[in-house]
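Chain and residue survey
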Amino acid sequence: MNRKEAKARIAELSAELARHNHNYYVLNNPEITDFQYDLLMMELGELEKKFPEFAVSTSPTQNVGSDLAPAQQFEQFPHKYPMLSLTNSYSIGEVSSFSERVSKGTDIPFTFSCELKFDGTAICLTYKNGKLERALTRGDGTKGDDVTRNVLQIPSIPHTLKEGTGYPDEFEIRGEIYMPYKAFDKLNRQRELDEEQPFANPRNAASGSLKLLDPKAVKGRGLECTLYHLLTDNPVASTHTEALSLASQWGLPVSEHIKECRSVEEVEKYILYWDTRRKELPYATDGIVIKVNQLPVQTSLGYTAKSPRWATAYKFKPEEAKTKLLSIDYQVGRTGAVTPVANLEPVQLSGTKVKRASLHNWDQIKLMDIHTGDYVYVEKGGEIIPKITRVALDDRGFDIVPVEFPQTCPVCGTPLVKDEEEAKHFCPNSDLCPPQIKGKFLHFVGRKAMDINAGEATVEQLYNKGYIKDLADLYTLTKEQLLTLDKWKEKSADNFLKSLEQSRKVPFERVLFALGIRYIGETTAKNLAGEFGNIDAIANATREQLLATEEVGDKLADSIISWFSNPQHASAVDRLRAAGLQMEVDASNKVIESEILKGKTVVISGNFSISRDDMKTLIERHSGKVGSSISGNTTYMVAGEKCGPSKLEKATKLGVEIISEEEFFKIINE
Ligand code: IVH
């Protein structure tokens, strides 16, 4: 790889890792497995080593991912000592190298403390005079969110330490807050009943629960805590295991599975033991943490920017299970995408029984040469539904049947089309295919669209009962009809009708977004509304007029023209208008503070001292347009903290002026 390629790949990897950090730590919704994440991180680390001129201090290899809540929902406090991460190893060879590195760094004999790596979210507790004073999340490693009120609701964390046990006047202790499988299953069952998106795994559930804004709601979540790192100003012990055993005497929860190991061989035994036995634990673990036990050795080894040199994590390979593929169902999603889903002989995997697994698309089925009747390996990634990773070819019997991908939509029978770009099959009958119609309703009622009090199960029932066929039918629903829905009472019906009434006031740009016209996202809906002012002007706009709008490209312009040329859509718009929905921009609603950004397009990237939505509002209030991607039309790019490197690179290439948050405020306050 030459320098130019390396520079581009480093920028790409940094941006990708920043996005995955945000998905994992803030949204609690990872797209990739930890293993895939580690591979990207390793690739970036290697490249930075080879091309140190492109290694920057803001790189994800040098910083821990931030879990700080958006819009500063919690007060933030600095950490007394930085909260770091751990280096990862995937083989015993890497553990040996770790041991050798430690040996080189010290003359003092040392042993290892081996511990389970709990898969939850890190917490830092401060006790003062025996009382829990503050609980901070890891945040960005230097400052964390104050979640004390929530932590006080976790039964295993003592508010007061055991009297007379000799605890120091003030100390910090760090550990993990996790959700045992039982509590996780209960929570997800409830979320499904409440029509809320279930959590993908116990880690996300723990982290999401810890950041709830209502402490009372935290109480019922069944969170638990284990503590594994004591920090005191004056030493209370000479080894880490002694320090933890003292903490346990003070009344703090410490794992019972910590073991002191005297050699790499003993560490290996511990790893092998827990690699199998962890499946019997009532909570999720994703590896073993190996720490140098002698505290003076820890001190002399010290830290890198991101992790201690005295510890490493051996990560377990993602758990997999082998089972028989019984049959394949083809599910039609809200966008018309057809996804093959495998029905499996039930098998135990990471604490839950797995009966179904995703196969993604036809290309994957061909690639893995999957047949029904085959034995396959399933693995849990970031998603709720596990995936099939490979076929156990050695177990292949004679009873296998080749898979035939359907030629027509399994729901409505329309011939499928293949989207080569996305390697997916689609049902093109978007207006009449039931799952797609239900999908349109769900999008329409969504929080960012019309914000109507209805979830998947409600839409499903309303549709199945024949009450709603067309979006406008929502506005003719009667209370009597609503009361025929399963488990619906006066109160739920009233709430629904109230939210329906309120949706009539939803501004035009959100109505435009709610219509579900392909490729119209929130930002483009805003831009189109701003540019054309009302729905008729958009419906009658020429291709050229549409293309002149910020961020409207060929694909979107064609999609808008084709959508409005369908008479069914035109009549749907008329009915929604008659129902009282906003079909034009309400100028009186718009607060204009100045025209300083008139004719200017501003793209924001990264985090700011105010929320990103507030930044966008400010741009609009000063008559600017918000752009979602850098282009030749962009006037300014406001670069916040952790700004995407690929955006920075593009802005530099296109000669877009890059300004800081402070400079942006200066411009608008001029
Ligand atoms: S020690 C300086 N011990 O794993 C870092 N961490 O991937 C000290 N974790 O950030 C961390 N179990 O949130 C330590 N027994 C254990 C752990 C543990 C889980 C988490 C922790 C850390 C992350 C690193």
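Everything that follows concerns the structure shown earlier in this document.
All of these numbers come straight from a predicted model, not from anything done at the bench.

**What to know about the sheet that holds strand β11 (residues 311–315)**
Across the sheet, which stays open at both edges, the five strands sit in the order β2-β11-β10-β3-β9 with mixed pairing between neighbours. In the strand order of this sheet, the two ends are held by β2 (88–89) and β9 (259–261), each with one partner. Of the pairings in the sheet, the one linking β2 to β11 comprises two bridges and is parallel in character. The residue of β11 that forms the bridge with asparagine 88 is alanine 313. Packing of helix α8 (residues 240–249) onto the sheet brings it into contact with β3 (112–118), β9 and β10 (285–292), and relative to β3 it is tilted by some 55°.

**Comments concerning the packing of helix α3 (residues 92–105) against helix α9 (residues 264–277)**
α9 packs onto α3 with a crossing angle of 145° between their chain directions and a minimal axis gap of 10 Å. In this structure, α3 crosses over α9, and the sense of that crossing is right-handed. Across the interface between the two elements, Ile92, Val95, Ser96 and Ser99 of α3 pack against Val264, Val267, Glu268 and Ile271 of α9. Taken together, the residues of the contact of α3 with α9 break down into five nonpolar, two polar and one charged.

**Things to note about the site of the ligand**
Taken together, 13 residues form the shell around the ligand, and within it Glu115, Lys117, Glu176, Tyr228 and Lys291 come nearest. Glutamate 115 places a polar side-chain atom, nitrogen or oxygen, 2.9 Å from a nitrogen atom of the ligand. Between tyrosine 228 and the ligand, the recorded distance is 3.1 Å, taken from a side-chain N or O atom to an oxygen atom. In the complex, 90% of the free accessible area of the ligand, which totals 530 Å², lies under the protein chains. Going through the elements one at a time, β3 and β10 are the ones with two or more residues in the shell around the ligand. The greatest single-element share of the shell around the ligand, amounting to four residues, is contributed by β3. Across the shell around the ligand, the residue classes break down as eight nonpolar, no polar and five charged.

**Overview of the pairing of β11**
With respect to burial, β11 is a largely interior element, five of its five residues being buried. Residues of β11 alternate between two faces, with Ala311, Ala313 and Lys315 on one and Thr312 and Tyr314 on the opposite face, all of them buried. Two elements, β10 and β11, share five bridges in a ladder whose sense is antiparallel. Counted as the bridge partner of isoleucine 290 is threonine 312 from β11.

**Thoughts on a nonpolar patch on the surface**
Together, Phe35, Leu39 and Met42 make up an exposed nonpolar region whose accessible area comes to about 250 Å². Residue leucine 39 is classed as partly exposed on the basis of its relative accessible area of 41%.

**Quick look at the side chain of serine 66**
Residue placement: serine 66 occurs in the loop between α2 (34–50) and β1 (76–78). For serine 66, the side chain forms a polar contact with the main-chain nitrogen of leucine 68, separated by 3.2 Å. Not counting residues within four places of it along the chain, the set of residues in contact with serine 66 comprises Tyr25, Val26, Gly139, Asp140 and Lys642.

**Some thoughts on unusual backbone geometry**
With phi around 50°, aspartate 451 is a residue other than glycine that occupies positive phi space. Checked against the element boundaries, aspartate 451 lands in the loop between α12 (434–445) and α13 (456–464). Despite not being glycine, lysine 487 shows a phi value in the positive range, around 65°. Within the element layout of this structure, lysine 487 appears in the loop between α14 (479–482) and α15 (490–503). Judged by relative accessible area, which is 69%, lysine 487 ranks as exposed.

Conventions used here
- Residues numbered from 1 in each chain as written.
- Predicted model: local features only at pLDDT ≥ 70, side-chain atom pairs only at ≥ 80, totals over all residues.
- Heavy atoms only, no water.
- Pairing = 2+ DSSP bridges.
- Helix = DSSP H or I, 4+ residues; strand = E, 2+ residues; numbered from the N terminus.
- Contact = heavy atoms within 4.5 Å.
- Axes fitted to C-alpha atoms, helices over the stretch in contact; angles between N-to-C directions.
- Left-handed = near helix turned anticlockwise from the far one by under 90°.
- Nonpolar A, V, L, I, M, F, W, Y, C, P; charged D, E, K, R; others polar.
- Near = heavy atom within 4 Å.
- Polar contact = N/O pair within 3.5 Å; in protein donor to acceptor, adjacent residues only side chain to side chain.
- Areas by Shrake-Rupley, 256 points an atom, 1.4 Å probe, with all protein chains shown as cover.
- Buried < 20%, exposed > 50% of the residue type's maximum accessible area, 1.4 Å probe, protein only.
- Patch = residues over 30% accessible without salt bridge, like charges linked within 9 Å, V, L, I, M, F, W, Y side chains within 5 Å.
- Salt bridge = Lys/Arg side-chain N within 4 Å of Asp/Glu carboxyl O.

No statement about biological role is implied by the geometric values presented.
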